[in-house]
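Structure assessment
Chain by chain, the residues run as shown.
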Protein chains: 2
Amino acid sequence: MDKKYLEEYVGKMGKLLEKRGEIEKIIDSAMALGKKNLFLVGIGGTIAVMRPFEQFFKKMSDAQVYAENAAMLITTGNRHLGKDSVCFFMSDSGNTKEIIEAIHYCKERGAVTIASLGAENSPIEKLVDYSVVNLNKDSYSSDADYYMNYMFFSYYLYKRGEFPQYEKFIANLNRLPVALAQVKEQADEQGKDYAPKYLDDNYHIFTAGGDIWGEVYCYAMCVLEEMQWIRTKSVHAADFFHGTLELVDDNTHVVLVKGEDESRPLADRIEAFCKKYTKKFTVYDTKDYALEGIDKDIRGMFAPIVVTCALGRISPHLQEVTGHDLSYRRYYKKVEY
Amino acid sequence: MDKKYLEEYVGKMGKLLEKRGEIEKIIDSAMALGKKNLFLVGIGGTIAVMRPFEQFFKKMSDAQVYAENAAMLITTGNRHLGKDSVCFFMSDSGNTKEIIEAIHYCKERGAVTIASLGAENSPIEKLVDYSVVNLNKDSYSSDADYYMNYMFFSYYLYKRGEFPQYEKFIANLNRLPVALAQVKEQADEQGKDYAPKYLDDNYHIFTAGGDIWGEVYCYAMCVLEEMQWIRTKSVHAADFFHGTLELVDDNTHVVLVKGEDESRPLADRIEAFCKKYTKKFTVYDTKDYALEGIDKDIRGMFAPIVVTCALGRISPHLQEVTGHDLSYRRYYKKVEY
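Residues numbered from 1 in each chain as written. Chains lettered and ligands numbered in written order. Predicted model: local features only at pLDDT ≥ 70, side-chain atom pairs only at ≥ 80, totals over all residues. Heavy atoms only, no water.

Right, let's get into the sheet that holds strand β2 (residues 64–69) of chain A. All names here are of chain A. Judged by pairing direction, the sheet is parallel, and its 5 strands sit side by side in the order β2-β1-β3-β4-β5 without closing on themselves. A strand with exactly one partner marks an edge of an open sheet, and here the two such strands are β2 and β5 (130–133). Between one strand and the next, the sheet's axes are offset by a mean angle of 15°, whatever the strand orientation. (Pairing = 2+ DSSP bridges. Helix = DSSP H or I, 4+ residues; strand = E, 2+ residues; numbered from the N terminus. Axes fitted to C-alpha atoms, helices over the stretch in contact; angles between N-to-C directions.)

Shown next, in the form of structure tokens:
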């Protein structure tokens, strides 16, 4: 794999991690207001990147945390949203339609608003109470979103007294870009293998559970469907045996992604089943990556970003064998809808 | 459509609605304990049937309500679950493995447990603090689950002072079986049309938003995938334009289901798009059913069960044209997994 790309990755992500001081100050200010609950508001890829943190809060925190799809929030609403709420948003362009509407919606109800943005001087930057702008994302937008979220929410948990290992976690986070560059290199070989092997299939079942589910769901929809027009079904590991299993036969490709949290036995069960009942079976397991320099008791929390890095190395090889440019769209930014 | 089936439906659902006194007593007892939050715990079809109520609570209530997949709850947990929780379960057989484990899990943490069951003298009946057994479900299990949930949760909201229209709602609920028999009759004609028309496609995109999403997700997975081995993709209406739209072409069948809640504009947007970009497009709209005898300001809340009745009339016709028996399985109850 291209060494220059990996060096750049490590450099740019390192730069991004320097935003931590800024992020801590925002959280300090927002929490000083004595707000009661936290809303993670995203759409498409950005809600997917928040799902792991919803899981972390569920396990680690007594805080009331709500992960909401922006389009649903502004139509249906949530009675817990109000002057006691801190609302967190992400946008690469700083100009996402539904996110702008959601920020207005939250502000009208008295909530404090924070945004993590990928562009300077954007409409969203002007709109929110607090924002961090990161201009070093380029083609690593999903990775960058994760680094930002890890900084924001680990500090939020720490400030609540629910994450005493914060300093250790940050030391590990600072070592993560190097470890993930190795993941990318290793996964690139898998991607090379993956792409041609399943070229003839235009339907792939993706399944995963726990804190990596959002990322796997997103990869199938935002990459395979949107960028390659490849049909997928994403099914949560907890639902797999409640319907989708009956589709499995020798001609149905199942991609199982395994992380390292407490839900791993659900994935193990699917693995045992698929090994018996289909020959077209791909497993991505975050445990297969060494993550050198990362402590054993911390590495599990990085599973979602490891999955991003690993699955992200399928796409370039798919592009090569399909000849379908990853940036080509039929509708998005081409027609009004 | 078979008149006898419809008469039986009205009779049996009427019988089921007589359980209301029993249900109110259970809620009275559970709420007298001063519990703080409510967990709706299901798996596969039973969590899908709880999703609409999660939406209702979000809009109508200040209560902390968590809808949890049983398999995830017992692995990852939820810090809000404890002695201040009321946990609600459903099981047709009264013997669902994950539900039994989840009940143990909740009881060990001091929660009060309630179950709505489809069989007498079951392991779950013996395990929970409170249960209602309904033996009139037969082949209407999804419908029956809804009637039970409508009774449980409308009374719960009423007792919290958040549903003053309770009496009116119940009067409407009592008239619902007759109205839904008409829905089934009307939808049966649509189903007849649907089945052969899309027989050649082995891939259907299902999309819906708001309070009917859970039901649509469930129909695709628990009926088309499990009972007909037909490939599907279910995508929430709020996510449709964030990836899946790029799959749409003249050869891709999209099924849009429209309900009557605040999220309807999301469905309208998809409808306008699909009318332009695919010729294989099916719309199910709950507004197309008269629901005679049901008040205008109440009917919207019944959209999820209307969807069950409407989509449920595709399956028998699919069986006819595919020759694939709806009760036939490759794996479920045939092999160990």
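Read on, since the account is not over.
Taken as rigid bodies, chain A and chain B are interconverted by a rotation of 180° and an axial shift of 0.0 Å, the fit giving an RMSD of 0.0 Å. The relationship between the two copies is best expressed as a two-fold rotation axis. For chain A, the residue whose C-alpha comes nearest the rotation axis is A:K233, separated from it by 2.5 Å. Counting the interface residues of chain A, we find that 100% of their copies in chain B are interface residues as well, pointing to one common contact surface. (Least-squares fit on C-alpha atoms with pLDDT ≥ 70 in both. Contact = heavy atoms within 4.5 Å.)

This paragraph deals with the domain arrangement of chain A. Residues and elements named next belong to chain A. Annotation of chain A at the domain level lists domain 1 (3–164) and domain 2 (177–322). Look at where the C-alpha atoms of domain 1 and domain 2 centre, and you get two points 25 Å apart. On the domain 2 side, the residues contacting the 24 residues of domain 1 number 23 residues. When domain 1 packs against domain 2, close to 1900 Å² is buried across both sides, 70% of that on carbon and sulfur atoms. Together, L6, Y146 and Y150 form the three largest contributors to the area buried by domain 1 at its contact with domain 2, with a combined 25%. Linking domain 1 with domain 2 are 3 salt bridges. Its salt-bridge partner being K184, residue D143 comes within 3.2 Å of it at the nearest N-O pair. (Domains from an automatic or database assignment. Buried area = accessible area lost by both parts, 1.4 Å probe. Salt bridge = Lys/Arg side-chain N within 4 Å of Asp/Glu carboxyl O.)

The next point concerns helix α8 (residues 141–159) of chain B. Residues and elements named next belong to chain B. End to end, α8 covers 27 Å across 19 residues, agreeing with the expected 27 Å (1.5 Å per residue, within 8%). Across the 19 residues that make up α8, a large majority, 15, are buried. Phi for G161, located one or two positions after α8, is positive at around 80°. (Expected span 1.5 Å × (residues − 1). Buried < 20%, exposed > 50% of the residue type's maximum accessible area, 1.4 Å probe, protein only.)

Attention now moves to the nonpolar core. A:F89, A:F240, B:F89 and B:F240 are the most contacted members of the largest nonpolar core, which totals 98 residues. Filtering out sequence-adjacent residues up to four positions away, A:F89 remains in contact with A:V41, A:M50, A:I99, A:A102, A:I103, A:C106, A:T113, A:I114, A:A115 and A:S116. (Core = buried A, V, L, I, M, F, W, Y, C linked by side-chain atoms within 4.5 Å.)

Turning next to the state of the cysteines. Here the structure, examined in full by the defined rule, presents 0 disulfides over all chains. Summary of cysteine pairing: B:C87 is not part of a disulfide, and the nearest cysteine sulfur, belonging to B:C106, is at 3.6 Å. Free of any disulfide, B:C274 has its nearest cysteine sulfur in A:C222, 18 Å distant. Owing to a relative accessible area of 0%, B:C274 belongs among the buried residues under this scheme. (Disulfide = S-S within 2.5 Å.)

The next subject is the sheet that holds strand β6 (residues 203–208) of chain B. All names here are of chain B. With parallel pairing, 4 strands are arranged side by side in an open sheet as β7-β6-β8-β9. Two strands lie at the open edges of the sheet, namely β7 (231–236) and β9 (281–285), each paired on one side alone. Taken pair by pair, the neighbouring strands of this sheet meet at an average axis angle of 20°, ignoring direction. Pairing analysis gives 5 bridges linking strand β8 (residues 253–258) to β9, with the strands arranged parallel. Residue pairing across strands places V257 opposite Y284, the latter belonging to β9. Along the sheet, helix α9 (residues 166–197) contacts β6, β8 and β9; its crossing angle with β9, the most-contacted strand, is approximately 165°. Each of β6, β7 and β8 is contacted by helix α10 (residues 213–228), which is oriented at about 170° to β7, the strand it contacts most.

Helix-helix packing is described using two parameters, namely the angle between the two axes and the distance between the axes. Residues and elements named next belong to chain A. Where helix α8 (residues 141–159) meets helix α13 (residues 303–311), the axes come as close as 10 Å, and the angle between the chain directions of the two elements is 170°. Put simply, α8 runs roughly antiparallel to α13. Residues S142, D143, Y146, Y147 and Y150 of α8 touch α13, and the partners they reach there are A303, P304, I305, T308 and C309. Its residues assigned to classes, the contact of α8 with α13 comprises 7 nonpolar, 2 polar and 1 charged. (Parallel < 35°, antiparallel > 145°, perpendicular 65-115°, else oblique. Nonpolar A, V, L, I, M, F, W, Y, C, P; charged D, E, K, R; others polar.)

Time to look at the pattern of salt bridges. Applying the stated rule across the entire model yields 60 salt bridges over all chains. The shortest N-O distance in the salt bridge between B:E162 and A:R79 comes to 3.8 Å. In this pair, B:E162 sits in the loop between α8 and α9 while A:R79 sits in the loop between α5 (70–76) and β3 (85–91), so the two residues belong to two different chains. Here A:R329 makes a salt bridge to A:E226, at a shortest N to O gap of 3.0 Å. With a gap of 103 residues between them, A:R329 in the segment after α14 (315–322) and A:E226 in helix α10 (residues 213–228) connect regions that are remote in the sequence. One continuous salt-bridge network, built from bridges that share partners, spans A:D62, A:R160, A:E162 and B:R79.

Now for the interface of chain A and chain B. One frequently used descriptor of interface size is the decrease in accessible area upon assembly of the parts. The interface of chain A with chain B comprises 65 residues on the first partner and 65 residues on the second. For the pair chain A and chain B, the summed buried surface comes to about 5900 Å²; carbon and sulfur atoms form 51% of the total. Put simply, chain A and chain B have 10 salt bridges between them. The salt bridge involving B:R79 is made with A:D62; its shortest N-O contact spans 3.1 Å. Our count for the contact surface shared by chain A and chain B stands at 34 residue pairs in polar contact (both at pLDDT 80 or more). Broken down by secondary-structure element, the contributors of at least two residues to the side of chain A that touches chain B are α4 (51–60), β2, α5, α10, β7 (231–236) and α11 (264–277) of chain A. Ranked by residues supplied to the side of chain A that touches chain B, first place goes to β7(A) with 6 residues. (Polar contact = N/O pair within 3.5 Å; in protein donor to acceptor, adjacent residues only side chain to side chain.)

Let us look at helix α2 (residues 20–32) of chain A. Note that an α-helix has 3.6 residues per turn; residues three or four places apart therefore point the same way. Residue and element names in this part refer to chain A. Taking 1.5 Å as the rise per residue, α2 with 13 residues should run 18 Å; its terminal C-alpha atoms sit 18 Å apart, in good agreement. Residues of α2 that are buried: I23, E24, I26, I27 and A30. Seen end-on, α2 carries its buried residues on one side only, within an arc spanning 160°. Turned more than 90 degrees off the buried face of α2, the exposed positions are K25 and A32. Residues of α2 that are buried make contact with β3, β4 (112–117), β5, α8 and α9 (166–197). G34, located one to two residues past α2, shows a positive phi value of around 70°. (Arc of directions from axis to C-beta.)

A few words now on the packing of aromatic side chains. Residues and elements named next belong to chain A. With the rule as written, the count across this model stands at 59 aromatic pairs over all chains. Here the aromatic rings of F53 and Y146 are separated by 6.4 Å at their centres, their planes lie at 40°, and the arrangement is tilted. Within this pair, whereas F53 is found in helix α4, its partner Y146 is found in helix α8, the two being separated by 93 residues in sequence. Both residues of the pair, F53 and Y146, count as buried. Arranged with centres 4.9 Å apart and planes meeting at 45°, the rings of F273 and Y277 form a pair that is tilted. One end of the pair, F273, and the other, Y277, are both in helix α11, 4 residues apart, so they sit about a helical turn from each other. (Phe/Tyr/Trp six-rings, centres within 6.5 Å; stacked < 30°, edge-to-face > 60°.)

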